[in-house]
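Examining the three-dimensional arrangement
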Amino acid sequence: MTSNPRREFLKKSAAVVACGSIAGISPPNAWSSPTLADSPNSNAVRPVFIATWNFGKAVCDEALATIQRGDSMPDAIENGIRLCEADASNNSVGIGGTPNADGVVQLDAVFMTGPGHRAGSVGGLEGIAHPISVARAVMEKTNHVLLVGAGAQKFAVEQGHPVVNLLTENSRVAWEKWKAEQVVQPPVKDDHDTITLLGVDEKGDIYGGCSTSGRGYKLAGRVGDSPIIGSGLYVDNHVGAAGATGIGENVMRYCGSFLIVEFMRGGATPQQACIKAINRIAEMDPLGIDKLEINFIAINKAGEFGAAGTSKGFQYALTTREASAVHDATILTAK
Ligand code: SD4
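Everything quoted here is computed from the prediction, not taken from an experiment.

**Observations regarding the sheet that holds strand S7 (residues 233–236)**
Read across the open sheet, the 5 strands follow the order S7-S8-S9-S10-S13; overall the sheet is mixed. Both outer strands of the open sheet, S7 and strand S13 (330–331), are each paired with one neighbouring strand and no more. Pairing geometry for S7 and strand S8 (residues 240–246), over 4 bridges, is antiparallel. Its bridge partner lying in S8, Asp236 is registered against Gly240. Sheet contacts for helix H8 (residues 256–265): S7, S8 and strand S9 (294–300); angle to S8, the most-contacted strand, approximately 145 degrees. Contacts between helix H9 (residues 270–284) and the sheet are confined to S9, strand S10 (305–309) and S13, with S10 contributing the most and set at about 25 degrees to the helix.

Given below as structure tokens:
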């Protein structure tokens, strides 16, 4: 019997309705298809912050604390992500990030604001502890979107960022061990711990950012999905935002975050949109769903949210004024 993709989608969606329930927020409803006109006036719920992985909770909490102090949403996104970048024990973001195959830490980051549809990003940035701040500066202080490599570092230094050693002793020792184990073609180590943070404020304006050291032991010069607009992050102030974590190559070949936002524009809830995008990619990709290692979070203008992935154990954090917690995301498998 041939499978019916729509039935499969609905079946998978139905299984996840319970996901993401939190005091003060309606869980993603797999059956209703809210349009912006129907969106509840959810000022009781907004602001809402959602971030990837369990360490995203501290990031979301810092973002909320920032706006509660009276600072702006861009400050909230930047402060939240900076917290993660400064954590040397996180080996996929900022200081302590996993180096490339040559033992050099190269960082990617992106910043996007719904109002004005503005974006800035950096790729392959070396020696700078806070790439998210550099991405924001690219957005705010240049008329470019993406700076890479030496030029990105020069710009960061001009913006007052010191050049520091990002390779911690732990990361160096792990790299030495990895290098010693390589024979011919180095297999890529798949660490998936990028921080992606999305936020919608009381007015329904949407913002996002993402920061990562990318795939562990990647080839020098490799840039992932994270700083590529529409792949690792996309924000559309009329609709919502989406962001990714996982194997960037499998996200950027499909403009994964853009795809999710477009599904939301077509009426899907954030949860439905994440699932639809993963199913779309899995249907097309020769790797098959179990090898894709792609994970997404999404939020819409009303403050509804969703998260789904193909990596076992993918979690997301959600913070509102009422509650802050880490949740298991919906995991899609071949079965
Ligand atoms: C990358 N997507 O560079 C990033 C890595 C990642 O969780 O998300 N890790 O491919």
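**A few points about the site of the ligand**
Near the ligand, the surroundings consist of 14 residues, among which Asp193, Thr194, Arg222, Asp225 and Thr245 are the closest. Thr194 places a side-chain nitrogen or oxygen 2.6 Å from an oxygen atom of the ligand. Arg222 has a polar side-chain atom sitting 2.7 Å from an oxygen atom of the ligand. Burial of the ligand by the surrounding chains reaches 100%, relative to a free accessible area of 280 Å². Of the residues that constitute the shell around the ligand, the class distribution is 1 nonpolar, 8 polar and 5 charged.

**Brief notes about the sheet that holds strand S3 (residues 118–125)**
The strand order S4-S3-S2-S6-S5-S1-S11-S12 describes an open sheet built from 8 strands, whose pairing is mixed. The open sheet has two free edges, formed respectively by strand S4 (146–148) and strand S12 (324–328), since each of these has just one partner strand. Averaged over all pairs of adjacent strands, the angle between strand axes in this sheet comes to 10 degrees, irrespective of strand direction. Its contacts with the sheet put helix H2 (residues 56–68) on strand S1 (48–52), strand S5 (195–200), strand S11 (315–319) and S12, and the angle it makes with S1 is roughly 155 degrees.

**Here's the deal with the pairing of S5**
When you tally the buried positions in S5, you get 6 out of 6 residues, the bulk of the element. Of the two faces of S5, the one holding Ile195, Leu197 and Gly199 and the one holding Thr196, Leu198 and Val200 are both buried throughout. Bridge analysis of S1 against S5 gives 4 bridges, and the strand direction is antiparallel. Note that in S5 the partner of Ala51 across the bridge is Leu197. Bridge analysis of S5 against strand S6 (residues 206–212) gives 6 bridges, and the strand direction is antiparallel.

**Some points on the pattern of salt bridges**
Evaluation of the coordinates by the stated rule reveals 19 salt bridges. With a closest N to O distance of 2.9 Å, Arg136 and Glu140 form a salt bridge. Of the two residues, Arg136 and Glu140 both sit in helix H4 (residues 131–141), 4 residues apart, roughly one turn of that helix. When its relative accessible area of 12% is taken as the criterion, Arg136 is described as buried.

**As for the environment of Asp108**
Note that Asp108 resides in strand S2 (residues 107–113). Beyond its immediate chain neighbours, meaning those up to four positions away, Asp108 contacts Val122, Gly123, Gly124, Cys210, Ser211, Thr212, Val223, Gly224, Ser226 and Pro227. In this structure the side chain of Asp108 is engaged in a polar contact, spanning 2.9 Å, whose partner is the backbone nitrogen of Gly124.

**Some thoughts on the pairing of S10**
Buried residues dominate S10, accounting for 5 of its 5 residues. Alternating positions in S10 separate into two faces, Phe305, Ala307 and Gly309 on one and Gly306 and Ala308 on the other, with burial throughout. Bridge count for S9 against S10 is 5 bridges, and the pairing is antiparallel. Considered in S10, the bridge of Asn295 is made with Gly309. Where S9 folds back on S10, the antiparallel hairpin that results is connected by 4 residues, among which Gly303 adopts a positive phi of roughly 95 degrees. Taken together, the 2 bridges between S10 and S13 define a ladder with parallel strand orientation. Bridge assignment links Ala308 to a residue of S13, and that residue is Thr330.

**Here we look at a nonpolar patch on the surface**
Taken together, Val145, Leu146 and Val148 make up a surface patch of nonpolar side chains, about 220 Å² in accessible area. Relative to the helices and strands, Leu146 resides in strand S4. For Leu146, a relative accessible area of 37% puts it in the partly exposed group.

Conventions adopted
- Residues numbered from 1 in each chain as written.
- Predicted model: local features only at pLDDT ≥ 70, side-chain atom pairs only at ≥ 80, totals over all residues.
- Heavy atoms only, no water.
- Pairing = 2+ DSSP bridges.
- Helix = DSSP H or I, 4+ residues; strand = E, 2+ residues; numbered from the N terminus.
- Contact = heavy atoms within 4.5 Å.
- Axes fitted to C-alpha atoms, helices over the stretch in contact; angles between N-to-C directions.
- Near = heavy atom within 4 Å.
- Polar contact = N/O pair within 3.5 Å; in protein donor to acceptor, adjacent residues only side chain to side chain.
- Areas by Shrake-Rupley, 256 points an atom, 1.4 Å probe, with all protein chains shown as cover.
- Nonpolar A, V, L, I, M, F, W, Y, C, P; charged D, E, K, R; others polar.
- Buried < 20%, exposed > 50% of the residue type's maximum accessible area, 1.4 Å probe, protein only.
- Salt bridge = Lys/Arg side-chain N within 4 Å of Asp/Glu carboxyl O.
- Patch = residues over 30% accessible without salt bridge, like charges linked within 9 Å, V, L, I, M, F, W, Y side chains within 5 Å.

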